[in-house]
Amino acid sequence: MRNPSAHWRTLLTAGLIIAALWNPGAEAKDPVKQPKERAKVGSAPAVLWRDPLDIKTRDLFYGPGGKEHMPAGKLTFLEEKFNGINPKFDARDEAGIRWGVKFGIEAQPEVAATRLVWAVGYFTQENYYLAELPANRLPNLSRGEAFIKHGSFQRVRLKRHNKGEHEIGNWSWDKNPFAGTKELNGLKVMMELICNTDLKLEHRVIYDIGGVEQHYYLTDLGSSFGKAGLTLNRTKGILKDYQSRPLIRKIHQDSVDFWYFERVPRADAKWIGEYLSRLSDIQINDAFRAAGYSPAEVDGFTKTVRAKISELNNL
């Protein structure tokens, strides 16, 4: 069994390395060239899910990008971004990789959520969490000052933009190449498992992967691990709220009602539950450790995720 305290030191060391090298200068131009012609949706095979044959050994601490895809060297400020409600900006590391830097309440749940969704075979963005990121010599931002404490941004998510991956469109829950499949229904169940309450169209994105494949993503998973259901006061990353309701709202003879999605085929819910049951408690722990939660929160989230997985397995 992995030494928990050693694992926490790994997270801390990663943060210190990046923080020590963080030295944004004046606004810089992004050298990453955009494709001359945007690929068309349907011009390459559509892929939603791949069988995670290595699920029992997947590293949920570093996630889909692994340790090797963490930021390299110092980060250079590029531009402030104004989409969404959370303050954010883009930066570039010394390897020329562009990073989306978001700070605030969604940083922790987003990192944990992406790791669980990726673990069972779905595509997620590569991201990493830092408890703080120094803000010295950063150009004035129009929003985000409230998240600076003692000269550093608090609770930061770094999202990698891989070269060769380009956003080409959005997809509908009802009209897509996977409609009616267990893979699409499994993704719906995963959104219920992580309790993602922000499922709007702009977060359902199609990425062209070098013209070879087109991957169907659910992005921006930061509105996760709060209270389930359609509620005006959505919460994010709050353990007691995540524990407040079971995964399944109602069971029918051949289908299951969750809090957002209804009439999901019972067989499809059990199918994704079987994959989830292969994850060890250590792996689930790693997803929440990677997001910087306290040891007590890590334990609580892990037990709650396991309980929700058991609901699927008991169908």
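Up top is the structure.
Residues numbered from 1 in each chain as written. Predicted model: local features only at pLDDT ≥ 70, side-chain atom pairs only at ≥ 80, totals over all residues. Heavy atoms only, no water.

*Asks:* Describe the overall build of the chain, and please don't skip the residues or the numbers.
*Replies:* When helices and strands are tallied, the chain shows seven helices and 13 strands. Relative to its 315 residues, the chain shows a buried fraction of 55%. Here the contacts in the chain between residues at least 6 apart in sequence split such that 72% fall between residues at least 24 apart. Total accessible area on the chain is roughly 14700 Å²; 52% of this is exposed by carbon and sulfur atoms. (Helix = DSSP H or I, 4+ residues; strand = E, 2+ residues; numbered from the N terminus. Buried < 20%, exposed > 50% of the residue type's maximum accessible area, 1.4 Å probe, protein only. Contact = heavy atoms within 4.5 Å. Areas by Shrake-Rupley, 256 points an atom, 1.4 Å probe, with all protein chains shown as cover.)

*Asks:* Got a sec to walk through the nonpolar core? Specific residues and values, please.
*Replies:* Ranked by size, the top nonpolar core spans 79 residues in total, and within it Tyr122, Met191 and Phe288 carry the most contacts. Among the elements that take part in this core, helix α2 (residues 107-119) stands out by supplying eight residues, more than any other. Aside from chain neighbours lying at most four places away, what touches Tyr122 is Leu48, Trp49, Val117, Lys182, Glu183, Gly186, Leu187, Met190, Trp271 and Ile272. Formed by five residues, the second largest nonpolar core is a distinct cluster that contains Phe123, Val205, Tyr207 and Tyr217. (Core = buried A, V, L, I, M, F, W, Y, C linked by side-chain atoms within 4.5 Å.)

*Asks:* How would you summarise the sheet that holds strand β9 (residues 204-209) if you had to cite specific residues and measurements?
*Replies:* Read across the open sheet, the four strands follow the order β1-β10-β9-β8; overall the sheet is mixed. Looking at the sheet topology across the chains shown, the edges are occupied by β1 (46-47) and β8 (165-170). Sheet topology note: the β8/β9 ladder contains five bridges and is antiparallel. In the sheet register, Asn170 faces β9, and the bridge partner there is Val205. (Pairing = 2+ DSSP bridges.)

*Asks:* Talk me through the packing of aromatic side chains; I want residue IDs and the actual numbers.
*Replies:* For any two aromatic rings, the description comes down to two numbers: the centre-to-centre distance and the angle of the planes. Tallied over the full model, the rule gives 23 aromatic pairs. Centre to centre, the rings of Trp173 and Phe261 are 4.9 Å apart; their planes meet at 75°, and the pair counts as edge-to-face. Residue Trp173 is located in the loop between β8 and α3 (182-193), and its partner Phe261 is located in the loop between β12 (255-257) and β13 (264-265); the two are separated by 88 residues in the primary sequence. Ring pairing ties together the aromatic residues Trp171, Trp173, Phe178, Tyr216, Tyr260 and Phe261, which thus form one cluster. The ring centre of Trp118 lies 4.6 Å from the NZ or CZ of Arg58, which sits over that ring. Taking the ring centre of Tyr275 as reference, the NZ or CZ of Arg278 above it sits at 4.4 Å. (Phe/Tyr/Trp six-rings, centres within 6.5 Å; stacked < 30°, edge-to-face > 60°. Lys NZ or Arg CZ within 6 Å of the ring centre and 35° of its normal.)

*Asks:* Please set out unusual backbone geometry residue by residue, giving values where relevant.
*Replies:* Even without being a glycine, Arg155 presents a positive backbone phi close to 55°. Its location among the elements puts Arg155 in strand β7 (residues 152-161). Its identity is not glycine, yet Phe225 carries a phi of approximately 60°, on the positive side. Within the secondary structure, Phe225 is located in the loop between β10 (213-218) and α4 (239-242). Since its relative accessible area comes to 0%, Phe225 is described here as buried.

*Asks:* Describe helix α7 (residues 295-313), with residues and values.
*Replies:* The first and last C-alpha atoms of α7 sit 27 Å apart over 19 residues, in line with the 27 Å expected at 1.5 Å per residue. Looking at α7, one finds that the buried residues are Val298, Gly300, Phe301, Thr302, Thr304, Val305, Lys308, Ile309 and Leu312. (Expected span 1.5 Å × (residues − 1).)

*Asks:* Residue-level account of the pattern of salt bridges, with values.
*Replies:* The tally for this structure, following the rule as stated, stands at 19 salt bridges. Of the charged contacts in the structure, one is a salt bridge between Arg50 and Glu213, with a shortest N-O distance of 2.3 Å. Taken together, the residues span a long stretch of sequence, with Arg50 in the loop between β1 and β2 (76-81) and Glu213 in strand β10 at a distance of 163 residues. The salt bridge involving Arg157 is made with Glu110; its shortest N-O contact spans 3.2 Å. Of this pair, Arg157 sits in strand β7 while Glu110 sits in helix α2; the two residues are 47 residues apart in sequence, bridging distant segments of the chain. Comparing Arg157 with Glu110, the two get one shared label, buried. Three or more residues joined by partner-sharing salt bridges are found here, namely Lys102, Glu106, Glu110, Arg157 and Lys236. (Salt bridge = Lys/Arg side-chain N within 4 Å of Asp/Glu carboxyl O.)

Bear in mind that shape data such as this cannot, by itself, settle questions of function.
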